[in-house]
Amino acid sequence: MRLSRYFLPVLKETPGEAQIVSHQLMLRAGLIRQTAAGIYAWLPLGLRVLKKIEGIVRAEQDRAGAVEVLMPAIQSAELWKQSGRYDAYGPEMLRITDRHDREMLFSPTAEELFTTIFANGVRSYRDLPRILYQIQWKFRDEIRPRFGVMRGREFLMKDAYSFDIDLATARHSYNRMFIAYLRTFAAVGMHAIPMRADTGPIGGDLSHEFHIVATTGESGVFYHERWEQSRSLAVDADDASALQAYVDALNADYAATDEKRDPAAEAATGASLKEARGIEVGQIFYFGTKYSAAMGLSVQGPGGEQIVPHMGSYGIGVSRLVGAIIEASHDKDGIIWPEAVAPYRVVLINLRPDDVACTAAADALYASLEAAGVEVLYDDRDERGGAKFATADLIGVPWQVVIGPKGVAAGTVEIKRRGAGAKEETTVAAAVERLCR
RNA sequence: CGGGGCGUAGCUCAGCCCGGUAGAGCGCUGCCUUCGGGAGGCAGAGGCCGGAGGUUCGAAUCCUCUCGCCCCGACCA
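Rules of the game
- Residues numbered from 1 in each chain as written.
- Chains lettered and ligands numbered in written order.
- Predicted model: local features only at pLDDT ≥ 70, side-chain atom pairs only at ≥ 80, totals over all residues.
- Heavy atoms only, no water.
- Helix = DSSP H or I, 4+ residues; strand = E, 2+ residues; numbered from the N terminus.
- Contact = heavy atoms within 4.5 Å.
- Axes fitted to C-alpha atoms, helices over the stretch in contact; angles between N-to-C directions.
- Parallel < 35°, antiparallel > 145°, perpendicular 65-115°, else oblique.
- Left-handed = near helix turned anticlockwise from the far one by under 90°.
- Nonpolar A, V, L, I, M, F, W, Y, C, P; charged D, E, K, R; others polar.
- Polar contact = N/O pair within 3.5 Å; in protein donor to acceptor, adjacent residues only side chain to side chain.
- Buried < 20%, exposed > 50% of the residue type's maximum accessible area, 1.4 Å probe, protein only.
- Salt bridge = Lys/Arg side-chain N within 4 Å of Asp/Glu carboxyl O.
- Domains from an automatic or database assignment.
- Buried area = accessible area lost by both parts, 1.4 Å probe.
- Pairing = 2+ DSSP bridges.
- Near = heavy atom within 4 Å.

Trainee: Please clarify how the environment of Leu50 should be interpreted in this entry.
Mentor: Considering the arrangement of structural elements, one finds Leu50 in helix α2 (residues 44-63). Distance from Leu50 to Val408, taken between C-alpha atoms, is 36 Å for residues 358 residues apart in sequence. Sequence-distant contacts of Leu50, defined by excluding residues within four places in its chain, comprise Trp42, Trp137, Leu156, Val318, Ser319 and Val322.

Following this line, the structure appears as structure tokens:
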């Protein structure tokens, strides 16, 4: 993409409404614009990051055996009255009345709908287990939205729902998601720690929150220092007992949010106990038959009896992850994207668009990178070098390639890794080879 | 919802206390000089001062109402 034809409205100054660095950088780097409290428009660069994360989340859900669907964002109040949550959910649910005075709502989560749709399609215990998921916009009318996409009212969430014949198999589904979540956060370049968590209004008795440690996190978190190391995620998720053993071994190391602190466990952890702030990027629940019973989901068992499936639900805040990644990966000049979620892999800077030889070299390199399938943002604007460097650093693309008159005369280009600092002079061929790797 | 703050040019803000008809920096447009880390000069464009009502000869400024946004608290992917 040529920057001269793109839509990348960057800001030199920090907008006053943004308090934390991720929000400031998302506005400055032209990723998002606020349109109302807690509601954001996603601009081209931000949308590319969101799509990258969404793709990784989807790949890991598929790998875990979950099946993607898409439910409506606008739902009828009827289903919610059936589960009792229409009243229980409170003012956080955005309620809408249509032209016929029907009560509608913008979905804040989707247990009722998934359970109903699933109930409609299965009759037998042989149809279980299943995990269904979607990646869909949610709306929660937060009392006080803040911190940009970290606590927006409208947000993109991956929500999954598992259906199992009994508690034992439901735990296996839970564990599948547990490992899938660790894999997902590692794949986006983040280190997330699973913590024992409250089950909140959804109910149930087994839950973990996944937190990314960052100074601006909204939760206090406490964990064994071993959680700071990255763990091997090599385990066969299809082997229920091996997976259970793996999960148990991980959870033997203490980790809890401030609501679930355990003084005895902390005492046992001793000097290895770490205290930090965490950004919650995912949460998983097992809640038994709460929704299956309420929504009339049952299947026929092997002996002809009706069985009410055990369920769990599993959420990842996809749009929140964008902010969380920036909180964890930036410097004074801007964002430093992990490769996996970067909007582009390379920003190609033509220092002198007015110089014929320079431009010819930059155009040629741009063409060969495009031909090789490298995602490259080509800064061909008629701007001074300094402005281009500042923009490149701000938007945080992993590789910067600089073409200037000196290099063109010497037959070299300059290549720099964002965040690593050191510049390197190489031949054009070597640069292409490096960037295609 | 309680407490606090703020709405003036695209952005960051000054002007408001003490009413007299709108400013700066950055950005934007044109020209010139520049050109390896957000250059310099000259000339420009751009604002019913969030909205409505009131007081006044006169309101960005004072009063009332209203809408929006931000911060602190209780709640949350």
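Trainee: Help me understand the packing of α2 against helix α6 (residues 167-187), please; the structure alone is not making it clear to me.
Mentor: The packing of two helices is summarised by the inter-axis angle and the distance between the axes. Across the interface, α2 lies against α6 with an axial gap of 9 Å and an inter-helix angle of 150°. Looking at the two axes, α2 sits roughly antiparallel to α6. Crossing angle aside, the handedness with which α2 passes α6 is right-handed. Contact residues: Ile56, Val57, Glu60, Gln61 and Arg63 in α2; Met177, Ala180, Tyr181, Arg183, Thr184 and Ala187 in α6. Of the residues that constitute the contact of α2 with α6, the class distribution is six nonpolar, two polar and three charged.

Trainee: What exactly am I supposed to notice about the environment of Arg261 here?
Mentor: Positionally, Arg261 belongs in the loop between β12 (255-257) and α8 (263-269). Between the C-alpha atoms of Arg261 and Met195, which are 66 residues apart in sequence, the distance is 10.0 Å. Non-local contacts of Arg261, meaning those with residues more than four positions away in its chain, are made with Phe222, Tyr254, Ala256 and Glu266. Side-chain polar atoms of Arg261 contact the side chain of Glu266, separated by 2.9 Å.

Trainee: How should I be thinking about unusual backbone geometry in this particular structure?
Mentor: Glycine aside, negative phi is the norm for most residues, and most peptide bonds take the trans geometry. Following Leu128, the chain continues to Pro129 via a peptide bond in cis, the omega torsion being -5°. Here Pro129 lies in the loop between α5 (111-121) and β7 (130-139). Unusually for a residue other than glycine, Asp101 sits at a positive phi of about 70°. By relative accessible area, which is 63% here, Asp101 ends up exposed. The phi angle at Phe147 is positive, at roughly 60°, despite the residue not being glycine. Positionally, Phe147 belongs in the loop between β7 and β8 (154-164). The exposure class assigned to Phe147 is partly exposed, which follows from its relative accessible area of 23%.

Trainee: Before we go on, may I ask you to explain the pattern of salt bridges in this structure?
Mentor: When the charged atoms of two side chains lie near each other, side chains of opposite charge can form a pair. This structure, assessed with the given rule, holds 30 salt bridges. Residue Arg85 pairs with Glu111 through a salt bridge whose shortest N-O separation is 2.7 Å. Residue Arg85 is found in helix α4 (residues 85-88), and its partner Glu111 is found in helix α5; the two are separated by 26 residues along the sequence. In this structure Arg85 comes out as buried when scored by relative accessible area, which is 5%. Taking the relative accessible area as the measure of exposure, Glu111 reaches 1% and is therefore buried. The partner of Asp159 in a salt bridge is Lys138, and the shortest N-O contact between them spans 2.8 Å. In this pair, Asp159 sits in strand β8 while Lys138 sits in strand β7, placing the two residues 21 residues apart along the sequence. Shared partners join several salt bridges into a network, and the residues in it are Glu142, Arg146, Arg151 and Glu218.

Trainee: What should I look at first to understand the domain arrangement of chain A in this one?
Mentor: When the parts of a complex come together, some accessible area is lost, and that lost area is often used as the size of the interface. Once the domains are mapped, chain A shows domain 1 (3-335) and domain 2 (344-436). A C-alpha centroid distance of 38 Å is found between domain 1 and domain 2. Taken together, the contacts link 16 residues of domain 1 with 13 residues of domain 2. Here domain 1 and domain 2 share an interface that buries about 1,300 Å² over both sides, 57% of which is from carbon and sulfur atoms. The largest per-residue losses of area from domain 1 upon contact with domain 2 belong to Leu3, Arg48 and Ile335, which jointly make up 40% of the total buried on that side. Across the domain 1-domain 2 interface, the total number found is three salt bridges. With its nearest N and O atoms 2.9 Å apart, the salt bridge here joins Lys52 to Glu375. For the side of domain 1 that touches domain 2, the element with the highest residue contribution is α2, accounting for three residues.

Trainee: When you look at the sheet that holds strand β19 (residues 346-350) in this model, what are you seeing that I'm missing?
Mentor: In sheet architecture, strand pairing relies on hydrogen bonds along the backbone and comes in two forms, parallel and antiparallel. Across the sheet, five strands lie side by side as β20-β19-β21-β22-β23; this open sheet has mixed pairing. Only two strands of the sheet have a single neighbouring strand rather than two, namely β20 (376-379) and β23 (423-427). With strand direction ignored, the average angle separating the axes of adjacent strands in the sheet is 25°.

Trainee: In this structure, what is going on with the protein's contact with RNA strand B? I would like to understand it.
Mentor: Taken together, 49 residues form the shell around RNA strand B, and within it Arg144, Arg151, Glu280, Asp393 and Glu414 come nearest. Protein-proximal atoms of RNA strand B, defined as those within 4 Å of the protein, fall in sugar or phosphate at a share of 43%. Separating a sugar or linking oxygen of RNA strand B from a backbone N or O atom of Val281 is a distance of 3.5 Å. Here a sugar or linking oxygen of RNA strand B and a backbone polar atom of Gly386 are 3.5 Å apart. Secondary-structure elements contributing two or more residues to the surface near RNA strand B are β1 (32-36), β8, β13 (273-288), α12 (385-395), α13 (405-410) and β22 (412-417). The biggest single contributor to the surface near RNA strand B is α12, with seven residues. Counted by class, the surface near RNA strand B contains 17 nonpolar, 12 polar and 20 charged residues.

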